[in-house]
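Chain by chain, the residues:
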Amino acid sequence: GLVISDLARAIAARPKKPAISLAVVCRDGPRMQQLARSLEFFAPDLPVLQFPAWDCQPYDRVSPHGGVLAQRLTTLARLARLTGSDKPLIVLTTVNAIVQRVPARSVVAAQALSVAPGQVVPMDSIVAWLEHNLYTRSSTVREPGEYAVRGGILDLFPAGLDQPVRFDFFGDSLESIRSFDAETQRTLLDMRSLDLVPISEFQLVTETIRRFRMGYVAEFGAPSPDDQLYEAVTEGRRHPGMEHWLPLFQERMDTLFDYLGDAPVAIEPQGEDAARERFKQIADYYDARREAMDHPGGGAIYKPLPPDRLYLTEAEWTERLGEGALARFTPFAVPDDAGVFDAGARAGRNFAPERNDSNANVFEAVVAHIHALQAQRKKVVVALWSEGSRDRMRSMLADHKLVNLTSVNAWRTVQATPRNEAMLAVLGMESGFETADIAVISEQDILGDRLVRPRKASRKLENFISEVTSLATGDLVVHVEHGIGRFIGLQTLEVSGAPHDCLELHYAAETKLF
């Protein structure tokens, strides 16, 4: 985070600075989130836009989560209308996100809607815009992408906002826009204006439906009577997973590179390896869908678009990386070269030997190391994962005679704190580092991986089903409620009018479970 923020500031200080100071390609989503938190600490004054990847597998039967789509569209809309920036602007994305094609920049810019109190704008026109951009009408607004109408009041949870907003109309005049709490429904703050962006990466309007129908027939031939996707789009209805046919709704597709323009790109360690793995994964999923389409075994047939319609090819990826300024980060020392810049940092100390020695006290070793670093006139920061972790670490270090402990919440505070004070910061880092002037010790360096990794979110059903390739027909599996059964295969069943990929398990007495 420190290196990236300094690099962005240096680029923004150039006479002919780009509108986007730096675009950073992270290897995955968790790493992007971690880097965003680091930038909040090291550079809270710099605006940061995040562009995540869809949270579903290639050629899935489920749609991306509405929150993910909202964040993606918010970032694309801001980039599409960006002409310059007073402050250095950083864009964070992932390998999976940047290799996927997105709606054209001109389309996203044209779909945005700006409203402000005092404007004469009929509520029906805003509702029509919401419907065209696939917002969902509900009785009470609680989730992003929902809206509700109650007399002259329009409640809406726009893409990219943390709180829903309430439009108060008097006739066709918009009198006020206020944010409100989704749980209590109480209004919070007045807003001077609001830019609305779509909640979906395509619209279901006459033109896009016509374009989809023509493209679908051209790609796959005449649809069968039971083609639920084609039927749903024809009727202007949403269908689970329809985003995976996004190019058929668009006249042309861009990539995130087209939105970034001449912005310098930095790619994290293992990023290019992750890209190669992603291209292999896309090809595997496409081949599996094609084989299932050519040899149907029952259930709704999935007709996949060719990978180059939805994603960059590996050759295009390499070409786009080489078109502009590119920085590759590496944690390893490399031979001196004109194109190599050494940030001057090295890996910090890991206390694994003390953790594994039953006769050693890891906290005594930490305190001794902090004293040694301070004797070298270095500032010392202990990076913790959470406020609770910081309180516990403060107590443990104080019990082991470390004095002058202080909490810091930003890099500027670190710079202003005397060297004789050991600083505790909420800054999730996997490992610490040292420079000539400062040393950062991470909680993971002290306590190890097992104790400090954030709790993993429960595995989603679609992620579980996507791992079925690790099972072979006849394998024994354990169901959480029904016990030991035998895996037979993956079957597509129609439930509530929509196809679902289900595991088929067999038990005693010819009992089946899907």
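Below or above, wherever it landed, is the structure these notes cover. Just so it is clear, the structure is predicted and the values come from calculations on it, not from any experiment.

1. Points about the overall build of the chain
Across its full length, the chain holds 19 helices and 25 strands. When the 514 residues of the chain are sorted by exposure, 45% land in the buried category. For the chain, the proportion of contacts with a sequence separation of at least 24, taken over those separated by at least 6, is 66%. Entry remark: accessible area of the chain is about 26,500 Å², with carbon and sulfur atoms responsible for 51%.

2. Focus on the sheet that holds strand β14 (residues 265-267)
The sheet built from five strands is open, its strands ordered β2-β3-β1-β14-β15 with parallel pairing. Of all strands in the sheet, those bounded by a partner on one side alone are β2 (48-51) and β15 (326-328). Ignoring strand direction, the axes of neighbouring strands in this sheet form an average angle of 20°. As paired elements, β2 and strand β3 (residues 90-94) share four bridges and run parallel to each other. Directly across from L49, in β3, lies its bridge partner V91. Docked against the sheet, helix α2 (residues 29-42) engages β1 (22-26), β2 and β3, running at close to 160° with respect to β3.

3. Brief notes about unusual backbone geometry
Phi angles above zero are rare outside glycine, and Q270 is one such case at about 70°. Given a relative accessible area of 54%, Q270 falls into the exposed group. The phi torsion at N404 lies on the positive side, around 55°, for a residue other than glycine. Looking at the element boundaries, N404 is found in the loop between α15 (387-399) and β18 (405-408). Accessibility expressed as a relative area gives 42% for N404, which makes it partly exposed.

4. Observations regarding the pattern of salt bridges
The final tally for this structure, using the stated rule, is 23 salt bridges. Residue R166 is joined to D155 by a salt bridge in which the shortest nitrogen-to-oxygen separation is 2.7 Å. You can see R166 sitting in strand β9 (residues 165-170) and its partner D155 sitting in strand β8 (residues 153-156), a full eleven residues away along the chain. Here R166 matches D155 in class, with each residue buried. Measuring nitrogen to oxygen at the nearest pair gives 2.9 Å for the salt bridge that ties R346 to E434.

5. Here we look at the packing of helix α14 (residues 362-375) against α15
Between α14 and α15, the shortest axis-to-axis distance is 9 Å and the interhelical angle comes to 80°. The orientation of α14 relative to α15 falls into the category roughly perpendicular. Residues F363, V366 and V367 of α14 form the contact with α15, whose participating residues are M393, M396 and L397. Taken together, the residues that form the contact of α14 with α15 break down as six nonpolar, no polar and no charged.

6. Digging into the packing of helix α10 (residues 271-294) against helix α12 (residues 314-321)
Between α10 and α12, the least distance of the axes is 10 Å, while the angle of their chain directions is 155°. In terms of their interaxial angle, α10 and α12 are classed as roughly antiparallel. As for how α10 packs across α12, the hand of that crossing is right-handed. For the pair α10 and α12, the contacting residues are E272, A275, R276 and F279 in the first and E314, W317 and L321 in the second. Looking at side-chain class alone, the contact of α10 with α12 contains four nonpolar, no polar and three charged residues.

7. Structural notes on the nonpolar core
Among the nonpolar cores identified, the biggest contains 75 residues, and L154, F167, F212, W245 and W317 are the most heavily contacted of them. The contacts of W245, once residues within four sequence positions are left out, are F212, Y216, F220, L229, Y302, K303 and L305.

8. A closer look at the environment of E364
Note that E364 resides in helix α14. In this structure, the C-alpha to C-alpha distance between E364 and L402, residues 38 residues apart in sequence, is 9.3 Å.

9. Let's talk about the packing of aromatic side chains
According to the stated counting rule, one finds twelve aromatic pairs in the structure shown. Taken together, a centroid distance of 5.2 Å and an interplanar angle of 90° make the contact between F41 and F42 edge-to-face. We note that F41, like F42, is buried. Plain terms: the ring middles of F212 and F249 are 4.9 Å apart, the flat faces sit at 25° to each other, and that makes the pair stacked. In this pair, F212 sits in helix α7 (residues 206-220) while F249 sits in the loop between α8 (228-234) and β13 (253-254), placing the two residues 37 residues apart along the sequence. This pair shows no difference in class: F212 is buried, exactly as F249 is. Aromatic ring contacts, followed pair by pair, group F202, F212, Y216, F220, Y230 and F249 into a single cluster. Here the guanidinium or amino end of R166 rests over the ring plane of F180, the centre of that ring lying 4.1 Å away.

10. Details of the environment of T330
Checked against the element boundaries, T330 lands in the loop between β15 and β16 (346-347). On a C-alpha basis, the gap between T330 and I267 in space is 9.3 Å, while along the polypeptide they are 63 residues apart.

11. Here we look at the pairing of β1
Most of β1 sits inside the fold, with five of its five residues counted as buried. Taking every second residue as pointing to the same face, both faces of β1 are buried, with L22, V24 and C26 on one and A23 and V25 on the other. In this sheet, β3 lies alongside β1 in parallel orientation, the contact comprising five bridges. Across the sheet, V25 pairs through a bridge with T93, a residue of β3.

12. Considering the sheet that holds strand β21 (residues 438-442)
Across the sheet, which stays open at both edges, the six strands sit in the order β16-β20-β21-β17-β19-β18 with mixed pairing between neighbours. Two strands close off the open sheet at either side, each with one partner strand: β16 and β18. Packed onto the sheet, α15 meets β17 (379-384), β18 and β19 (422-426) and runs at close to 165° relative to β18.

Reading the values: the criteria
- Residues numbered from 1 in each chain as written.
- Predicted model: local features only at pLDDT ≥ 70, side-chain atom pairs only at ≥ 80, totals over all residues.
- Heavy atoms only, no water.
- Helix = DSSP H or I, 4+ residues; strand = E, 2+ residues; numbered from the N terminus.
- Buried < 20%, exposed > 50% of the residue type's maximum accessible area, 1.4 Å probe, protein only.
- Contact = heavy atoms within 4.5 Å.
- Areas by Shrake-Rupley, 256 points an atom, 1.4 Å probe, with all protein chains shown as cover.
- Pairing = 2+ DSSP bridges.
- Axes fitted to C-alpha atoms, helices over the stretch in contact; angles between N-to-C directions.
- Salt bridge = Lys/Arg side-chain N within 4 Å of Asp/Glu carboxyl O.
- Parallel < 35°, antiparallel > 145°, perpendicular 65-115°, else oblique.
- Nonpolar A, V, L, I, M, F, W, Y, C, P; charged D, E, K, R; others polar.
- Left-handed = near helix turned anticlockwise from the far one by under 90°.
- Core = buried A, V, L, I, M, F, W, Y, C linked by side-chain atoms within 4.5 Å.
- Phe/Tyr/Trp six-rings, centres within 6.5 Å; stacked < 30°, edge-to-face > 60°.
- Lys NZ or Arg CZ within 6 Å of the ring centre and 35° of its normal.

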